[in-house]
Amino acid sequence: MKNQARKLAVELSGASLRPWPGAWRRGRRPALAAATAAVLVAGLAAPAAAFGATADPTASAASVPAPFTSWEQLNAVQHRMDATAQALEDSPGQGDQQALAGVVVAPEDGHVTLYWHGALTSAAEAVIAHSSTPVVVKPASYTAAAADRASALVAQRIGSAGIAYDSISDPQDGSGLHLSVVGDDTQAARARQAIGSVDVPVTVTGGGQIGDVLADDSRANDPTAGGAAMVTPICSTAFNIDYHGRNAMLTAAHCFPDSNDNRSTIDHPDKPFGTLASPISSNNGGVDVAAIYPKTGTVFSPTLWRGGAQNSPASSQHKTTVVAAQKPKVGDWVCNDGARSGETCNIQIIEREDYYNGVGMKNQPTLYTKGWRAKSRGGYVARRGDSGGPVILGANNGTTSGTPSSQVTALGVVSASAGTGAYCGNTKCFKAFTFVGIDDALNALDDAEIWRYDTTSHREEPQSFAGVPSATGTLPVLDPTVDEEILDVNGNALGYDPTTKTYLGVPPGNPRGIWVPVPQPGGGWWFRNPASNVNLVPAGSGSFHLMPLVNGLVLIGHEGRCVQLVPGNPPKAYMGPCNAGDPTQRFVFAPVGDGLRSRCLSEHDRLVSAGQAWSACCRGIVGPTGWS
């Protein structure tokens, strides 16, 4: 019998890591796990009234579609169809080559219509076989995921070109997208040129009309631009970024103090626009930044709210374009553009802070690293609720700030207050604050990129600070041709026991603790254990990503949860909410054969924590910034 390698998934339930044959599937990403709490530097939002619609009590039986004779009868059939449609959408095993494109429920037709790209998965076939209502399957050229990606690109590109549109719609049949542009055929032609090439066909027509809204766009209800207000707690958004290949928004990590990962606008607190995408570090010299993935059709763009604060008249607020990003420098004159304060300028960067403590709502200090202290040369320039908001150079020349312009340069993300504050109105205000530089922020998020509008090419382009040392250290350089040991701070190697089929700690040098790094097309890593012929991969889908910490250590995480090796006899491996302060989650990669490194790791970590010099055995192996 052939000894074929099996795909083994790491369970994300908090139980012991164990092999899960066949559990790896391409398809929808699972919901993010709750992140470890970090002390918060922002206030709480006031509740808002629920926003929704009620049924029309005047609807008559005469309007019921045939062949139904009452709405109760129609609703009973529709309920069963909706259940089938939802089960098809959620069915596992979907990927780029076989997946749902759309599903149409029409009780009057007597069946559910499923549009599917590629061959049906076994899970989809099972849903259809057990459905209480007929399902008609029709072929589709594109998946729903491909359409979603294309729709986001279309919105970004026509938005940057200043083209007004009614809607970008998906007919659910997998044939492509439809863009309805406000204006005539000339505007439609402009839109086609601005869109360029995307992965699915886009039909563009003119004559669209923008619908009325219940309120003027503002920081309080439009989260597509940076500088918008979000709840709960009250914080601000910063800049549109690319995080792990997806459209995202940058903000502060301490804006997620509990297990609630969803965030909403001030005006519509019951309608989340985004959810936490990145792991949260707490009280370990981590970088105070986080990434948010969009929800419910939200598309983040490289624009920024400027002008008045969130509670000021909408007419005082306006959107401008982010055209560049640069590293901060002491002496730069900058603007804070947090939603609670609005745009405040006449602020100068006065010093670099390697470490700083932010005091949150629980009045507990939270240690962060890589900050910049900025101080007002006038009055109060920051207040609670600005956390996570953008720090900018107000003009595109990168030298001055204070005069509103149509283009801005991204400089950083507001993190914490500095100095003694005073109450102004119902919140506390400050003349100084600390922010995270945009380079440190992006590098701390796995070398994320910021989206900006290039004024030369007239296109949205990503800007990266990859190659610039990360704010918390540098990621290890893994080579698929070099075997690695994954060592914890106690010198144990992460290993796999084929007898008990569990992940556990083994002595360095044990073949069960030697792994081959396997790079993945979408970024990140799998790890193969040749001794047991198994793969260490996340449950569900995706890959592990490495997050740098101080002293060259890393977190090994996926979807907000990280590998941890809990001491015991033997140590056992689990998955838990990512916490950079948890020593059981801190690992270093050591090429096989480098025994000196593994022997020195535990002593080095202990001595550095105690503020002592490194031992002689580690000199030449440990450099001034950690493991070389």
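These numbers come from a predicted model, not from an experiment. (Residues numbered from 1 in each chain as written. Predicted model: local features only at pLDDT ≥ 70, side-chain atom pairs only at ≥ 80, totals over all residues. Heavy atoms only, no water.)

(A) Region of interest: the overall build of the protein chain. In terms of regular secondary structure, the protein chain is built from 6 helices and 40 strands. For the protein chain, with 628 residues in total, the buried portion stands at 51%. Looking at the protein chain as shown, the accessible area adds up to about 27000 Å², and 51% of this sits on carbon and sulfur atoms. (Helix = DSSP H or I, 4+ residues; strand = E, 2+ residues; numbered from the N terminus. Buried < 20%, exposed > 50% of the residue type's maximum accessible area, 1.4 Å probe, protein only. Areas by Shrake-Rupley, 256 points an atom, 1.4 Å probe, with all protein chains shown as cover.)

(B) Region of interest: the pattern of salt bridges. Enumeration over the complete set of coordinates arrives at 6 salt bridges. Here Lys-327 and Asp-439 are joined by a salt bridge, their closest N and O atoms 4.0 Å apart. Residue Lys-327 is located in the loop between β16 (317–325) and β17 (333–336), and its partner Asp-439 is located in helix α5 (residues 438–444); the two are separated by 112 residues in the primary sequence. By relative accessible area, which is 35% here, Lys-327 ends up partly exposed. (Salt bridge = Lys/Arg side-chain N within 4 Å of Asp/Glu carboxyl O.)

(C) Expanded view of the state of the cysteines. Under the definition given, this model contains 3 disulfides. Between Cys-235 and Cys-255 runs a disulfide, and the two sulfur atoms are separated by 2.1 Å. Here Cys-235 and Cys-255 share a disulfide; its torsion about the S-S bond, -95 degrees, makes the bridge left-handed. Within this pair, whereas Cys-235 is found in strand β9 (residues 235–236), its partner Cys-255 is found in the loop between β11 (246–251) and β12 (262–263), the two being separated by 20 residues in sequence. Judged on exposure class, the residue Cys-235 and its partner Cys-255 are both buried. A sulfur-sulfur distance of 1.9 Å marks the disulfide that ties Cys-335 to Cys-345. In this structure the cystine formed by Cys-335 and Cys-345 twists about its S-S bond by roughly 105 degrees; its chirality is therefore right-handed. Residue Cys-335 is found in strand β17, and its partner Cys-345 is found in strand β18 (residues 344–359); the two are separated by 10 residues along the sequence. (Disulfide = S-S within 2.5 Å.)

(D) Looking closely at the sheet that holds strand β4 (residues 135–139). Pairing within the open sheet is mixed, and its 3 strands lie in the order β2-β3-β4. Sheet topology places β2 (99–106) and β4 at the edges, where each strand pairs with a single neighbour. Across the sheet, the axes of successive neighbouring strands diverge by a mean angle of 20 degrees, strand direction being ignored. Note: strand β3 (residues 111–117) against β4, 5 bridges, orientation parallel. Its bridge partner being in β4, Tyr-115 is matched across the sheet by Lys-138. (Pairing = 2+ DSSP bridges. Axes fitted to C-alpha atoms, helices over the stretch in contact; angles between N-to-C directions.)

(E) Helix α3 (residues 144–160), seen in detail. An ideal rise of 1.5 Å per residue puts 24 Å on 17 residues; α3 measures up with 24 Å between its terminal C-alpha atoms. Ala-146, Ala-147, Ala-150, Ala-152, Val-154, Ala-155, Gln-156 and Ile-158 are the residues of α3 that are buried. Positioned one or two residues after α3, Gly-162 has a phi angle of 75 degrees, which is positive. (Expected span 1.5 Å × (residues − 1).)

(F) Spotlight on the nonpolar core. Judged by nonpolar contacts, the single largest core of 32 residues is most densely connected at Phe-239, Ile-241, Tyr-243 and Leu-250. Counting residues per element, the ones that place at least two in this core are β10 (240–243), β11, β14 (290–294), β16, β18, β22 (407–418) and α5. By size, the runner-up hydrophobic cluster in this structure holds 20 residues, among which are Ile-486, Phe-527, Val-534 and Leu-565. (Core = buried A, V, L, I, M, F, W, Y, C linked by side-chain atoms within 4.5 Å.)

(G) Quick peek at the pairing of strand β35 (residues 554–558). Buried residues dominate β35, accounting for 5 of its 5 residues. Here β35 shows no split at all, with Val-554, Ile-556 and His-558 on one side and Leu-555 and Gly-557 on the other all buried. Pairing analysis gives 2 bridges linking β35 to strand β36 (residues 561–566), with the strands arranged antiparallel. Across the sheet, His-558 pairs through a bridge with Arg-561, a residue of β36.

(H) Representation of the packing of α3 against helix α4 (residues 185–195). Two elements in contact, α3 and α4, have axes whose closest approach is 9 Å; the angle formed by their N-to-C orientations is 120 degrees. Here the hand of the crossing between α3 and α4 comes out right-handed. On α4, the residues that touch Val-154, Arg-157 and Ile-158 of α3 are Ala-191, Ala-194 and Ile-195. (Left-handed = near helix turned anticlockwise from the far one by under 90°. Contact = heavy atoms within 4.5 Å.)

(I) Region of the structure containing helix α2 (residues 122–129). Inspection of α2 places Ala-123, Ala-124 and Val-127 among the buried residues, and these make up the whole buried set. With its buried residues spanning 100 degrees around the axis, α2 presents them on a single face. Across α2 from its buried face, at more than 90 degrees, point the exposed residues Ser-122 and Ala-129. (Arc of directions from axis to C-beta.)

(J) Region of the structure containing the sheet that holds strand β24 (residues 427–430). If you walk across this open sheet you meet the 3 strands as β20-β24-β23, and the pairing is antiparallel. Whereas interior strands pair on both sides, the edge strands pair on one side only; in this sheet they are β20 (382–383) and β23 (422–424). Both β23 and β24 contribute to a ladder of 3 bridges, which runs antiparallel. In the strand pairing of β24, Cys-424 is matched with Thr-427.

(K) View of unusual backbone geometry. Residue Thr-232 is bonded to the preceding Val-231 through a cis peptide linkage, with omega at -15 degrees. Tracing the backbone through its elements, the reader meets Thr-232 in the loop between β8 (229–230) and β9. Backbone torsion omega between Asn-569 and Pro-570 reads 0 degrees, so that peptide bond is classified as cis. Although it is not a glycine, Lys-501 adopts a positive phi angle of roughly 55 degrees. Classification of Lys-501 as partly exposed rests on a relative accessible area of 44%. Phi is positive for Asn-533, which is not a glycine, with a value near 55 degrees. Within the element layout of this structure, Asn-533 appears in the loop between β32 (525–529) and β33 (534–538).

(L) Structural view of the pairing of strand β31 (residues 514–519). Note that strand β28 (residues 484–488) and β31 share 2 bridges and pair antiparallel. From the neighbouring strand, Glu-485 faces β31, where its bridge partner is Ile-514. The sheet contact formed by β31 and β32 spans 4 bridges and is antiparallel. Bridged to Pro-519 within β32 is Trp-525.

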